[in-house]
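# Survey of secondary and tertiary structure
These are the residues of each chain, in order.
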Amino acid sequence: MNMPQCTAPVAAPAASPDDEELVRGLVAGDEACLAAVYRRWSALVHTLARRSLGDAKEAEDVTQQVFLSVWRGRRGYRPDRGPLAGWIVGIARHRIADALTARTRRCRPVAAPDSWPALADPVDDRLERALDRMVVRAEIAKLASAQQRVLRLAFYEDLSQSQIAERTGWPLGTVKSHARRGLYRLKRELEVAFDT
């Protein structure tokens, strides 16, 4: 299928449009610019999704969802907050996290917890813990970037809030606020995810 070229002005006929031109075209509703954005970054998005999900079909679905979100949310993109590629990768991370959460929900037993068989097999215990970790990671990925950073440093690197403030250069009060807000939101999302 031949995709039309982006109608945003370019410096030379053979040159591809730069990010600024693509953004202007996207915001203006130029579908050819969306096609150019897709050609430029779909391989990156698909690779991220494939590595995270381990399933080619799911990766294709996520890639389509990402670029649909790019199109729908194009007016929300702010160049002063980062490059277009970063914005697209951020959307991809959210869609991947959503896919992981949906997968976990699909795999959850339908029976009531009191009717579940006892998990005597250590392999089953490890599998359940691995699924729990996937859900927690997916929910952390949905947090604001500063909250993610604080919680990851606390959980995965076992740093105190003072150490996090020192590592990030943020005031201790800011670190505490990000931790409190992040934990509160994470608690709410995990309650929903685990139906408690």
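None of the values given here were measured: they were computed from a predicted structure.

Cut-offs used in this document
Residues numbered from 1 in each chain as written. Predicted model: local features only at pLDDT ≥ 70, side-chain atom pairs only at ≥ 80, totals over all residues. Heavy atoms only, no water. Patch = residues over 30% accessible without salt bridge, like charges linked within 9 Å, V, L, I, M, F, W, Y side chains within 5 Å. Areas by Shrake-Rupley, 256 points an atom, 1.4 Å probe, with all protein chains shown as cover. Salt bridge = Lys/Arg side-chain N within 4 Å of Asp/Glu carboxyl O. Helix = DSSP H or I, 4+ residues; strand = E, 2+ residues; numbered from the N terminus. Expected span 1.5 Å × (residues − 1). Buried < 20%, exposed > 50% of the residue type's maximum accessible area, 1.4 Å probe, protein only. Polar contact = N/O pair within 3.5 Å; in protein donor to acceptor, adjacent residues only side chain to side chain. Axes fitted to C-alpha atoms, helices over the stretch in contact; angles between N-to-C directions. Left-handed = near helix turned anticlockwise from the far one by under 90°. Contact = heavy atoms within 4.5 Å. Nonpolar A, V, L, I, M, F, W, Y, C, P; charged D, E, K, R; others polar.

### Section: a nonpolar patch on the surface
Together, Phe155, Tyr156 and Leu183 make up a nonpolar patch on the protein surface, roughly 310 Å² of accessible area in all. Its place among the elements puts Tyr156 in helix α6 (residues 145-156).

### Examining helix α3 (residues 56-72)
Three- or four-residue spacings in an α-helix give side chains the same orientation, since the helix completes a turn every 3.6 residues. Taking 1.5 Å per residue, 17 residues should reach 24 Å; α3 reaches 24 Å between its end C-alpha atoms and fits that length. Listed as buried for α3 are Glu58, Ala59, Val62, Thr63, Val66, Phe67, Ser69, Val70 and Trp71. Capping the start of α3, Asp55 holds a side-chain oxygen 3.2 Å from the backbone nitrogen of Lys57, two or three residues further along.

### Some words on the packing of helix α2 (residues 31-53) against α3
Interhelical geometry of α2 versus α3 gives an angle of 140° and a closest axis separation of 8 Å. When the axes of α2 and α3 are compared, the crossing they make is right-handed. Of α3, the residues touching α2 (which contributes Glu31, Leu34, Val37, Tyr38, Trp41, Ser42, Val45, His46, Ala49, Arg50 and Leu53) are Ala56, Glu58, Ala59, Glu60, Val62, Thr63, Val66, Phe67, Val70 and Trp71. In terms of residue class, the contact of α2 with α3 is built from 14 nonpolar, 3 polar and 4 charged.

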